[in-house]
Amino acid sequence: MKKWSVGIPDRKIVSALILNCGVSSLAAAALAAKGYSTAESVMESLNADELSDPFLIKDMQGAADTINSAIENGERICIYGDYDCDGIIATVILYSYLLETGANVTYYIPERAEGYGLNQKAIDKIATDEVSLIVTVDNGISAISEAEHIYSLGMRLVVTDHHRQGEQLPHAEAVVDPHRQDCPSPFKDMCGAGLALKLVAALDGGDCTMALEQFGDLAAIATVADLVSLKGENRFLVSYGLELINNSDRPAIMALKEVCGLNNQSVDARSVGFGLAPRINASGRFGSPKTAAELLLCEDYDEAIGIAHELDRLNNKRKDTENTIISEIYSMIDQSPELIRSRVIFLCGKDWHHGVIGIVATRIVEQFGKPCFIASETEGEIRGSARSLGDFSVFEALSAVSETLEKFGGHPGAGGFTIKSGMTGKFHELLEKYALDNHSKMPLAELHADSPVSPQELNVENIKGLNVLEPFGTDNEKPLFYIENAQIIDIIPLSEGTHTKLRIRMGSTQADAIIFRKSPSELPISINNFCDLIVSLGVNEYRGNVSPSIFISDIRPHMFEQSKYFAALSAFESFLRNEELPNNYYPSMNPSRDDVVKIYKAIPDTGINTDSLYVKLNDRSINYCKFCVSIEALKQLGLVAVSSSDSKINKISVTKKADLDSAPVLVSLRSKLGQAIDKENRYDR
């Protein structure tokens, strides 16, 4: 279960935005919730209609002069990219342009096994190809020793990168990075491919028109894939690029749309993020990034469709591998539930594919709402990826446990690390200590609604008005809205119970709402219940009829007390970790025999999600902490099983009676309770 928060936009600001920006009330509420208070701020961030002058970026002139001079002198140039979608596309953009100018150009994209960025072996190999100038795209800002090696071999270097600089800049003819501390450029958040597009414009004299027309579609894909902020120039770049993609005659784009099933559909940022980009990324994860580069450089559709099908196959392999690792993780958790009860989830497997463990970590964070560090041992080396949420910084955590690490890097939300041999246990121990010392209250996974929505606002024109906010993505997420106190009129299974449609009543208005990937039995509500919902909105067109569409992100009973729920869950997990709790907690955690029996009898024969069971129990005398203790006792006695994959609880057939008081969790709790009473008695005396 996620923590809900609901924005309450200032109605005066909403009214002013409606009046001055000409947007619908829903769009105005979403804008106000995101911090926009004036028409000017909206225009500045969301209505960028061009790219700024590339020469405003520090060293761009030097980069253009160096490369143009190399072209004129017939020097061999090597574009050095990266194996992810952004790095591959950045390589293709710059290589294609230089090839068209008649440059003597080649490119090098390292395989994933080589690691990120410039490496000495690759540099040595490039040197044997009589290259005199290396130009990096999407990497290079931290390649201090590698840059020196390039110059020691008689080559020169131009760096273009969008990652943060360290204490020192690499030796180069030019270092083009908007995040340089001395860079005056107005926009800092372009991805590597966006920066490559601006370099192409600089090489062409500074006007971005040609670069956009030729490469705007590719740069848009990379911008979405790299999860950079979709504000300002990136918003313009993606909007422009989507137009090109939807009207593309580029064989690679046509082929990718074909294998994604997007031929007859309008491609938006979501289609790119979940369709086109993952197939390009798959080449660097499960094949060679050169395969994706070859597709994007391909000028023949028949050849392109063949390569696109290969990328589609690799992407399916990626998904299968992810699911296999996730299944192994679920099995580990089912056998050792304490793995997800620590403050930080740490999981270590054998030969898990390093190309996907970052994605797996993201899925674990999403499911269990805790920072996740996943490592895999391959040929004696233990490498891992981490993902986080809230104010828990992966980089700070890794820094705090650095004595157990060979190397590490990252930022607050994500990072990578290599654990020293024999230090896996110590690594986890120190992670937990860091979390306890620095986060007495761990961050919670949160679902945020931009604004409450009234029944009167749920009309087609108002919802269509949200389109002005597109493209949606990082820093401009699709708006979510809060519906309060809706009554459930009917619950209808869809696709044989895979999804559910709810008919809800809001005042005098009735509407249908869809919740995907949840069957009716998994929902914490019943017909005639009143509930609150967080939803996204759309428009459905069918046989000429146009109607509002409501898609449920989450649902819970009206007046659900989430603060008590999360406080109880935190106390229960702290108790299981043997952390000290206030003495007055233990009595309120202690269930009676009748409590446990009532919970057991409430479990349907078909099973039920544990949170849904608690909500449907609707017994104010059984707080959530008592409920958790009771479920744990039933598990320990072999009376129920709880699946880690979906938190579904099922009864287990038994042939003999179980002694409830023998459950270890109850023995431990009552021991703590007795100790607390003894302390109070001693204090009273």
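My aim in this report is to walk through the structure given alongside it, one point at a time.

Parameters at a glance
- Residues numbered from 1 in each chain as written.
- Predicted model: local features only at pLDDT ≥ 70, side-chain atom pairs only at ≥ 80, totals over all residues.
- Heavy atoms only, no water.
- Helix = DSSP H or I, 4+ residues; strand = E, 2+ residues; numbered from the N terminus.
- Contact = heavy atoms within 4.5 Å.
- Areas by Shrake-Rupley, 256 points an atom, 1.4 Å probe, with all protein chains shown as cover.
- Lys, Arg positive; Asp, Glu negative; His and termini not counted.
- Charge placed at Lys NZ, Arg CZ, Asp CG, Glu CD.
- Axes fitted to C-alpha atoms, helices over the stretch in contact; angles between N-to-C directions.
- Parallel < 35°, antiparallel > 145°, perpendicular 65-115°, else oblique.
- Left-handed = near helix turned anticlockwise from the far one by under 90°.
- Pairing = 2+ DSSP bridges.
- Expected span 1.5 Å × (residues − 1).
- Buried < 20%, exposed > 50% of the residue type's maximum accessible area, 1.4 Å probe, protein only.
- Arc of directions from axis to C-beta.
- Core = buried A, V, L, I, M, F, W, Y, C linked by side-chain atoms within 4.5 Å.
- Salt bridge = Lys/Arg side-chain N within 4 Å of Asp/Glu carboxyl O.

Remarks on the overall build of the protein chain
Part 1 of the argument: On a plain count of helices and strands, the protein chain comes out with 24 helices and 21 strands.
Part 2 of the argument: Its C-alpha atoms put the protein chain at 90 × 65 × 50 Å along the principal axes.
Part 3 of the argument: Considering only residue pairs separated by 6 or more positions, the protein chain has 65% of its internal contacts joining residues 24 or more positions apart.
Part 4 of the argument: For the protein chain, the accessible surface area stands at approximately 31,000 Å², while carbon and sulfur atoms represent 47% of it.
Part 5 of the argument: One finds the centroid of the 66 positive side-chain charges in the protein chain at a distance of 11 Å from the centroid of its 93 negative side-chain charges.

Re the side chain of R250
Part 1 of the argument: Within the fold, R250 resides in the loop between α10 (232–246) and α11 (251–260).
Part 2 of the argument: With near-sequence residues (within four places) excluded, R250 lies in contact with Q214, F215, D217, L218 and L296.

Quick look at the packing of helix α5 (residues 85–100) against helix α13 (residues 289–297)
Part 1 of the argument: Orientation of α5 relative to α13, taken along the N-to-C sense of each, is 45 degrees, at an axis distance of 10 Å. One element, α5, and the other, α13, form an angle in the oblique class. Considering how the two elements wind past one another, α5 and α13 form a crossing that is right-handed. Side by side, α5 and α13 meet where I88, I89, V92, Y95 and S96 of the first sit next to P289, A292, A293, L296 and L297 of the second.

Overview of the sheet that holds strand β21 (residues 648–651)
Part 1 of the argument: If you trace the three strands from one edge of the open sheet to the other, you get β19-β21-β20, paired in antiparallel fashion. Sheet topology places β19 (608–609) and β20 (640–642) at the edges, where each strand pairs with a single neighbour.
Part 2 of the argument: Relative to β21, β20 is paired through three bridges, and the arrangement is antiparallel. When the sheet's bridge partners are listed, A641 is paired in β21 with N650.
Part 3 of the argument: Relative to β20, helix α23 (residues 624–636) is tilted by about 115 degrees, and along the sheet it contacts β20 and β21.

What to know about helix α4 (residues 60–72)
Part 1 of the argument: With 13 residues, α4 extends 18 Å from end C-alpha to end C-alpha; this agrees with the ideal 18 Å at 1.5 Å per step.
Part 2 of the argument: When α4 is considered as a whole, its buried residues turn out to be M60, A63, A64, T66, I67, A70 and I71. With its buried residues spanning 165 degrees around the axis, α4 presents them on a single face.
Part 3 of the argument: In this structure, the buried side of α4 is in contact with β2 (76–80), α5, β4 (133–137), β5 (156–160), β6 (174–176) and α8 (192–203).
Part 4 of the argument: Looking at the residues trailing α4, positive phi occurs at G74, about 70 degrees.

So, the nonpolar core
Side chains of a nonpolar character, in soluble globular proteins, are inclined to be buried together.
Part 1 of the argument: By size, the foremost hydrophobic cluster in this structure holds 107 residues, and its most contacted members are I77, I89, L98, I221 and I374.
Part 2 of the argument: Looking at this core, the element that brings in the most residues is helix α14 (residues 301–335), giving eleven residues.
Part 3 of the argument: For I374, the residues in contact, after removing those within four places along its chain, are I329, L347, W352, I357, V360, A361, I364, R383, G384, S385 and F417.
Part 4 of the argument: Membership of the second largest hydrophobic core comes to 38 residues, among which are L17, I483, L502 and L523.

Details of the pattern of salt bridges
Part 1 of the argument: Considering all chains together, one arrives at 29 salt bridges under this definition.
Part 2 of the argument: Where K350 meets E377, a salt bridge forms, and the shortest distance between an N and an O atom there is 3.8 Å. Here K350, found in strand β7 (residues 345–350), pairs with E377, found in strand β8 (residues 372–378); they are 27 residues apart in sequence, far enough to count as distant.
Part 3 of the argument: Residue K350 is classed as exposed on the basis of its relative accessible area, which comes to 52%.
Part 4 of the argument: Between R577 and E573 there is a salt bridge, with the nearest N and O atoms lying 4.0 Å from each other.
Part 5 of the argument: The class for E573 is buried, based on a relative accessible area of 14%.
Part 6 of the argument: Members of the salt-bridge network, linked through shared partners, are R343, K370, E573, R577 and E579.

Here we look at the sheet that holds β5
Part 1 of the argument: Spatially, β3-β2-β4-β5-β6 is the arrangement adopted by the five strands of the open sheet, whose pairing is parallel. Strands with a single pairing partner mark the edges of an open sheet, and in this sheet they are β3 (104–108) and β6. Direction aside, neighbouring strands of the sheet carry axes that sit 20 degrees apart on average.
Part 2 of the argument: Inspection of the sheet shows β2 paired to β4 by four bridges, in the parallel sense. When the bridges of β4 are listed, C78 appears paired with I134.
Part 3 of the argument: Against the sheet, α5 engages β2, β3 and β4, with an angle of about 170 degrees to β3.

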